Amino acid sequence: MSDDVKALSAELARDPQSLVFLRLGELLRQRGQRDAAHRVALTGLERHPHLADAHDLYARILSDKQDYERAFDEWDMTLRIAPAHVGALKGLAFLYFKVGDLSQAEAHLRAARQVAPDDEGVAQALASLEASRGSSGAHPAPVVPAGPTEHLEESRVFAGLEGAEEGLVLLDGAGRVLGGALRNPAGEPVTDAVAAYLAGVSQEAARTARLLGLGNWDGLSAEGVGGHVHLAQPTAESLLLVVRDRSVPLGRLAVLADRATEAARRWLERQA
Amino acid sequence: MTGTGFERALDSVTRVRGVRGAMLVAGDDGLVVAEQLMEGIKGTAVAALAASLSSRLKRAMDAGGVGPGIFWHLQCEQGALLVVPAASGVLVVAVTDPDVNVGLVRLELKRAAETVG
């Protein structure tokens, strides 16, 4: 272990609430110690869930690990907390660039340049982007390799709902799948089995809320030993389930579910 | 555990501001084990519904590979129902106002569940 890492680790051990985890996590990340960086960032995030820099650090680590969907969520969360966060604007620009959405990439880079006009990284990225546009015409082809694109497409479709491959499923009132899919931690498809039970859960939730005089139910969050789930009703005739592992706190899952619910509602209106 | 022990376990939950009532429910048959509810809340109905919802949710979570539930929270327009299953299968249940501190209720429910065993 290097002296820097040792010193920062010792400082963090002395004061676990310290923000030194940001420097330690970044240092480990730069040295390619991704798992250690991941642990440091996640622990820091649990202690400082409203700190934009903590989400940004975690997003960079996730991006290094090619977990682009979560990196996108983390940078998105960073911007919700700090709308002018340059790191998050650059990060999202990078992810958009990777899937070939050059307009969004450019919009994020221009926003970053407004906040940090002297940032050379932003200037270089904008120059590269313009070069890409110049070389491939008005509708450039996506520039990413197949694997990550697939992940990001899921993330983007998550916002629009069609085609999500894991962690999200939209059902009709009878428990039939309208979009999305679920996999268990072993990677096996479990959509149909879960769907079969969810209609019953929804009916029971509605009955419980009504009989207790609590009005309509808005959402049902559950914490399991191996993950977290959130169930919502985009419309009276549909159900949306979002599943994440335990690294995503229940509160954040509810935020993700709110966004997915809106997307599902729009999607359902378009289908009508 | 004695009736007094159950009451003490529920006391810590009902002391949280915004909690309208708490109860212990037998998870397998939905019968009331102990209750401290505000007037107007039907204990037997809450118990039966909480047990039924818990059982259905458990099946869905098992099917999804998320494992056994350790806490769930039904959010409604005018309040919420929060549940923590104890190791014995007894459900520790709270009925709350909509603006309750969910984190605090969750903590007290978990403590009560540990006490109940």
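Structure first, text after, so check above.
Caption draft 1: Here's a closer look at the overall build of chain B. Broken down by element type, chain B carries 3 helices and 5 strands. Ordered by position from N to C terminus, the α and β elements of chain B give α-β-β-α-β-β-β-α. Counting across all 117 residues of chain B, residues that qualify as buried make up 50%. Considering only contacts within chain B whose residues lie at least 6 apart along the sequence, 52% involve residues at least 24 apart.

Caption draft 2: Local environment of unusual backbone geometry. Positive phi, normally seen in glycine, also occurs at A:Gln66, with a value near 65°. One can find A:Gln66 in the loop between α4 (52-64) and α5 (68-81).

Caption draft 3: Looking closely at helix α7 (residues 102-115) of chain A. All names here are of chain A. Compared with an ideal rise of 1.5 Å per residue, which puts 14 residues at 20 Å, α7 spans 20 Å between its outermost C-alpha atoms and is within 8% of the ideal. Where α7 is concerned, the buried positions are Leu102, Ala105, His108, Leu109 and Ala112. The arc enclosing the buried residues of α7, seen along the axis, measures out at 130°, which places them on a common side. Turned more than 90 degrees away from the buried face of α7 sit Ser103 and Gln114, all of them exposed.

Caption draft 4: Here's a closer look at the environment of A:Arg176. The topology assignment puts A:Arg176 in the loop between β1 (168-172) and β2 (177-181). Classification of A:Arg176 as exposed rests on a count of 10 C-beta atoms within 10 Å.

Caption draft 5: Quick look at the pairing of β2(A). All names here are of chain A. As defined by bridge partners, β1 adjoins β2 across 4 bridges and the pair is classed as antiparallel. Bridge assignment links Leu170 to a residue of β2, and that residue is Gly179. Between β1 and β2, which pair antiparallel in sequence order, lie 4 residues; one of them, Gly175, sits at a positive phi of approximately 85°.

About the thresholds
- Residues numbered from 1 in each chain as written.
- Chains lettered and ligands numbered in written order.
- Predicted model: local features only at pLDDT ≥ 70, side-chain atom pairs only at ≥ 80, totals over all residues.
- Helix = DSSP H or I, 4+ residues; strand = E, 2+ residues; numbered from the N terminus.
- Buried ≥ 20, exposed ≤ 12 C-beta atoms within 10 Å, placed from the backbone.
- Contact = placed C-beta atoms within 7 Å.
- Expected span 1.5 Å × (residues − 1).
- Arc of directions from axis to C-beta.
- Pairing = 2+ DSSP bridges.

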